Amino acid sequence: VVNELKRMGVRIMTDANNHTLDAGLEGMFETHRLLDEAGIVHAGSGKNLADARQARIAVTPKGTVAAIGMYSIDPSSNNRSRFTDATENMPGLNPLHVTPYNVVTADNMQALKKIRDAIYARRPEVRVPVAPVAADEPAGRLRLFQTAFTAGPHPGDLTYEMDPADLKGILTSVRVGKQLADFVVVAIHCHQNSFAFQAYSQDHSTPNFLVELAHQVIDNGADVFVGHGVHNLRGVEIYKGKPIFYGVSSFFYHRGAAPEITSLSAGPGAGVNELEDNLETLLTTSRFEDGKLVEVRLYPADLGQDRTRPISRSGTPSTPSPEMARRVLERLQALSKQFGTT
């Protein structure tokens, strides 16, 4: 579909996500070759970590634009992702490793520590025991059964901690990109849940680390931050005069249909995702004058939410009905209130 992307006017993009290496390293490099031939600048994956993390620059009539792309990885991420993050000497994508902490009450934390201490009392029974409890263990944190816990007011929430080395490398790329380009876009493909009791990220909540990351990249020179990965919309924030789109869903979302499907209508589950709000997406335009943001416009788009389209058009964006557009924009208003956005 590279020619279609080119005809649509795409000039710069990121290619770091949990499917980057679905076809192996050969597939990743073939994607790079096709994008290069089409003249589409791409960021987020490369021949090693430095290459994948580098800000990639496109030249436009109004100036130079740099993009930095990444994928956030935690232990529960798709198994393939464990083999896709680039290293100093190995190709892959630009990773941001995050550690999830399960939020429990203070009383729960004390009970968990008693369980842990009772289990660790048996360490002398084996020749190679696990490491002892650290002397400087934080009072409100605990690791037990390969799971991290933290005390907090909302048990069942998930909170995340970013890998300091990854964050430092990403912020360095942002600063270098800003030195080389007029405008810097930072984008992340993020699947992290906000709740421990949810099987897959299908909510509109924004994980804590995404807010921290967006603020830090803007503090270091980025002009806009874009989140995607979950097939849902998330809120919008204006931070220090720069726009943050925490979740724009999927611009198009094509799913392979089984050969035995003969119906010409998509129907529930046939070539589309099951949940209705997976089939709405958001296009944004941000207008800057003299380097200052003066206007952001939000355009809802419909990926076939009423399930009446033929399979060939399911997941392709089109103008929504007035009712759907109003519903999406009202939800965005509600989701953005926590960020002080009006």
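Preceding this section is the structure that the text describes.
Quick caveat: nothing in here was measured; it's all calculated off a predicted structure.

Draft legend 1. Representation of the overall build of the protein chain. Along the protein chain, the regular secondary structure elements total seven helices and 16 strands. Its C-alpha radius of gyration of 22 Å places the protein chain within 12% of the 20 Å reference for a compact globule of 342 residues. Total accessible area computed for the protein chain in this model is approximately 18200 Å², and 55% of it derives from carbon and sulfur atoms. Measuring between centres, the 35 positive side-chain charges of the protein chain sit 2 Å from its 38 negative side-chain charges.

Draft legend 2. Region of the structure containing unusual backbone geometry. Phi is positive for Ser-249, close to 65 degrees, though the residue is something other than glycine. Looking at the element boundaries, Ser-249 is found in the loop between β14 (242–245) and β15 (280–289). At Asp-290, a position not held by glycine, the phi torsion is positive, near 55 degrees. Tracing the sequence through the fold places Asp-290 in the loop between β15 and β16 (292–302).

Draft legend 3. Inspection of the layout of surface pockets at higher detail. Here the second largest pocket defines a volume of roughly 400 Å³. Taken together, 16 residues make up the lining of the second largest pocket; nearest its centre are Arg-116, Tyr-120, Leu-142, Arg-143 and Leu-144. For the lining of the second largest pocket, the elements supplying multiple residues, two or more each, are α4 (106–120) and β8 (141–144). Element by element, the count of residues in the lining of the second largest pocket is highest for β8, at four residues. When grouped by side-chain class, the residues that make up the lining of the second largest pocket number eleven nonpolar, one polar and four charged.

Draft legend 4. Spatial organisation of the nonpolar core. Grouped together as the largest cluster of nonpolar side chains are 31 residues, with contacts concentrated most on Leu-96, Val-186, Ile-188, Phe-209, Leu-213, Val-217 and Phe-225. For this core, the secondary-structure elements that each account for two or more residues are β5 (63–73), β7 (95–104), β10 (158–162), α5 (164–180), β11 (183–190) and α6 (208–219). Among the elements that make up this core, the one with the highest residue count is α6 (seven residues). Once residues lying within four places of it in the same chain are set aside, the contact partners of Phe-209 are Ser-72, Leu-96, Val-98, Tyr-160, Met-162, Ile-188, Cys-190 and Gln-192. Residues Ala-187, Phe-245, Val-248 and Leu-332 belong to the second largest nonpolar core, which totals eleven residues.

Draft legend 5. Expanded view of helix α7 (residues 322–336). In this model, α7 (15 residues) spans 21 Å end to end at C-alpha, consistent with the 21 Å of a helix rising 1.5 Å per residue. Turning to α7, its buried residues number three or more, namely Met-324, Ala-325, Val-328, Leu-332, Leu-335 and Ser-336. Down the axis of α7, the sector holding all buried residues measures 100 degrees, keeping them to one side. Residues Pro-322, Glu-323, Gln-333 and Ala-334 are exposed on α7 and point more than 90 degrees away from its buried face. Against the buried residues of α7 lie β13 (236–239), β15 and β16.

Draft legend 6. Representation of the side chain of Ser-45 in the model. Following the sequence through the fold, Ser-45 ends up in strand β3 (residues 45–46). Within polar-contact distance, the side chain of Ser-45 engages the side chain of Asp-15 at 2.9 Å. A polar side-chain atom of Ser-45 sits 2.7 Å from a polar atom in the side chain of His-32. The residues touching Ser-45, leaving out its near neighbours within four places in the chain, are Asp-15, Thr-20, Met-28, His-32, Asp-51, Ala-52, Gly-92 and Leu-93.

Draft legend 7. Structural detail: helix α2 (residues 24–38). In a regular helix each residue adds 1.5 Å, so 15 residues correspond to 21 Å; α2 covers 22 Å between its end C-alpha atoms and thus fits that length. The elements touched by buried residues of α2 are α1 (2–7), β1 (12–14), β2 (41–43), β3 and β6 (92–93). Two residues or fewer past α2, Gly-39 is found with a positive phi of approximately 75 degrees.

Draft legend 8. Here's a closer look at the pairing of β5. Counting buried residues in β5 gives ten out of eleven residues, a clear majority hidden from the surface. Relative to β5, strand β4 (residues 56–60) runs antiparallel, the two sharing five bridges. Bridged to Thr-60 within β5 is Gly-63. Count of turn residues in the β4/β5 antiparallel hairpin: two residues.

Draft legend 9. Quick look at the side chain of His-231. Positionally, His-231 belongs in the loop between β12 (224–229) and β13. Within the local environment of His-231, its side chain forms a polar contact with the side chain of Ser-250, the two groups lying 3.0 Å apart. Apart from residues no more than four positions distant in its own chain, His-231 is found in contact with Tyr-200, Ser-249, Ser-250, Tyr-253, Asp-277 and Asn-278.

Draft legend 10. Inspection of the pattern of salt bridges at higher detail. The final tally for this structure, using the stated rule, is 16 salt bridges. Between Arg-331 and Glu-280 there is a salt bridge whose closest N-O contact spans 2.1 Å. A residue pair is termed long-range when its members are at least 10 positions apart, and Arg-331 in helix α7 and Glu-280 in strand β15 qualify at 51 residues. A salt bridge links Arg-287 to Glu-295; the shortest N-O distance between them is 3.6 Å. Judged by its relative accessible area of 26%, Glu-295 is partly exposed.

Conventions used here
- Residues numbered from 1 in each chain as written.
- Predicted model: local features only at pLDDT ≥ 70, side-chain atom pairs only at ≥ 80, totals over all residues.
- Heavy atoms only, no water.
- Helix = DSSP H or I, 4+ residues; strand = E, 2+ residues; numbered from the N terminus.
- Rg over C-alpha atoms; globule rule 2.2 N^0.38 Å.
- Areas by Shrake-Rupley, 256 points an atom, 1.4 Å probe, with all protein chains shown as cover.
- Lys, Arg positive; Asp, Glu negative; His and termini not counted.
- Charge placed at Lys NZ, Arg CZ, Asp CG, Glu CD.
- 1 Å grid on protein atoms, 1.4 Å probe; cavity = no way out; pocket = protein on both sides within 12 Å on 5 of 7 lines; lining within 4 Å.
- Points joined across faces, edges and corners; volume = space filled by probe spheres on them.
- Nonpolar A, V, L, I, M, F, W, Y, C, P; charged D, E, K, R; others polar.
- Core = buried A, V, L, I, M, F, W, Y, C linked by side-chain atoms within 4.5 Å.
- Buried < 20%, exposed > 50% of the residue type's maximum accessible area, 1.4 Å probe, protein only.
- Contact = heavy atoms within 4.5 Å.
- Expected span 1.5 Å × (residues − 1).
- Arc of directions from axis to C-beta.
- Polar contact = N/O pair within 3.5 Å; in protein donor to acceptor, adjacent residues only side chain to side chain.
- Pairing = 2+ DSSP bridges.
- Salt bridge = Lys/Arg side-chain N within 4 Å of Asp/Glu carboxyl O.

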